[in-house]
Number of protein chains: 2
Amino acid sequence: MRNFPEPEVFHADCPSQRVLDTIADKWSVIVIYSLSQQETRRYSELQRMIGGISQKMLTQTLRKLERDGLVERHVYPVVPPKVEYSLTPLGMTLTELLKNICQWAQAHWDEIETARVHYDEKGDR
Amino acid sequence: MRNFPEPEVFHADCPSQRVLDTIADKWSVIVIYSLSQQETRRYSELQRMIGGISQKMLTQTLRKLERDGLVERHVYPVVPPKVEYSLTPLGMTLTELLKNICQWAQAHWDEIETARVHYDEKGDR
DNA sequence: CGGCATCCTAGAGGATACTG
DNA sequence: CAGTATCCTCTAGGATGCCG
């Protein structure tokens, strides 16, 4: 591994920037946030509670998180099928950080909306 | 405003989810991270230190963050032009959280790479 | 120096239909 | 129930060129 003079996240050829591609994603943040609230969740449960997510994006996000070792998928051999998702230990180390982000979003969205209106009004003149 | 029974971030029609569209973005995270390390930074300085970002994305990200009231843009009326960017007080409330994310990415990227290789090997068989 | 305007293309992501 | 498969649209985002 190269020895970077600056924080590695600034370097395009460093894997830590690729990691950001995964977790700095709206749906990933929300899915992990959801899984952090309860031990396990079923597919349909996630779909129901996350507003605005399409089935395609949910599946895709879950696969990506599973591939990255953040989420675990457990299939029960029953009919009708039952699949449960949960966080891995690695995923759990991330939850606190993402929970903070979600809470920040919920706490400050109004200030941002105000700033946007303000900014747009200035530009329209 | 409606009264949401669950955390608002789960609701498609709630602004806090729209906020995530802004800050849960790779370049936004890195730009804010960069601005958190130093009082102000010039445009070219940001471009130089953030590997892999195009000029278009840098400008676009900075505009978005400015519109959202997270970043301030200061133009000096000199020639050649000089423009400095800095965080607003609101932006600063976010830096700690995003710094944590970047540091997490730098600390755990190797585990994620390993998980990916493992996952891909399983699937290829 | 710090942009904006334009063109262009790969891929994101929705809608719909089908299946073990 | 928990997906996969297909199609189709739209936009993110790179490359290039120009400007105050």
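Keep in mind it's a predicted model, so treat the numbers as computed, not measured.

Novice: What is the right way to read the packing of helix α2 (residues 26–36) of chain B against helix α4 (residues 55–67) of chain B from this model?
Specialist: Residue and element names in this part refer to chain B. Close contact between α2 and α4 brings their axes to 10 Å; oriented N to C, the two are set at 75 degrees. Relative to α4, the element α2 is oriented roughly perpendicular. Facing Trp-27, Ser-28, Val-31 and Ile-32 of α2, the residues of α4 in contact are Met-57, Leu-58, Thr-61, Leu-62, Lys-64 and Leu-65. The class makeup of the residues in the contact of α2 with α4 is seven nonpolar, two polar and one charged.

Novice: Would you mind going over helix α1 (residues 15–23) of chain A with me for this structure?
Specialist: Each α-helix winds once per 3.6 residues, and so residues spaced three or four apart point in a common direction. Burial analysis of α1 of chain A places seven of its nine residues in the buried class, the great majority of the element. Turning to α1 of chain A, its buried residues number three or more, namely Pro-15, Ser-16, Gln-17, Val-19, Leu-20, Thr-22 and Ile-23 of chain A.

Novice: It is not clear to me how the interface of chain B and chain A should be interpreted in this structure. Could you clarify?
Specialist: By convention, interface size is frequently given as the accessible area that disappears when the constituent parts associate. Taken residue by residue, the interface counts 55 residues in chain B and 55 residues in chain A. Across the chain B to chain A interface the summed buried area is about 5200 Å²; carbon plus sulfur atoms make up 67%. There are eight salt bridges connecting chain B and chain A. A salt bridge links Lys-26 of chain B to Asp-21 of chain A, with the shortest nitrogen-to-oxygen separation between them at 3.5 Å. Here chain B and chain A share 17 residue pairs in polar contact (both at pLDDT 80 or more) between them. The element contributing the most residues to the side of chain B that touches chain A is helix α5 (residues 89–124) of chain B, with 20 residues. Here the residues of the side of chain B that touches chain A are counted per class, giving 29 nonpolar, twelve polar and 14 charged.

Criteria and thresholds
Residues numbered from 1 in each chain as written. Chains lettered and ligands numbered in written order. Predicted model: local features only at pLDDT ≥ 70, side-chain atom pairs only at ≥ 80, totals over all residues. Heavy atoms only, no water. Axes fitted to C-alpha atoms, helices over the stretch in contact; angles between N-to-C directions. Helix = DSSP H or I, 4+ residues; strand = E, 2+ residues; numbered from the N terminus. Parallel < 35°, antiparallel > 145°, perpendicular 65-115°, else oblique. Contact = heavy atoms within 4.5 Å. Nonpolar A, V, L, I, M, F, W, Y, C, P; charged D, E, K, R; others polar. Buried < 20%, exposed > 50% of the residue type's maximum accessible area, 1.4 Å probe, protein only. Buried area = accessible area lost by both parts, 1.4 Å probe. Salt bridge = Lys/Arg side-chain N within 4 Å of Asp/Glu carboxyl O. Polar contact = N/O pair within 3.5 Å; in protein donor to acceptor, adjacent residues only side chain to side chain.

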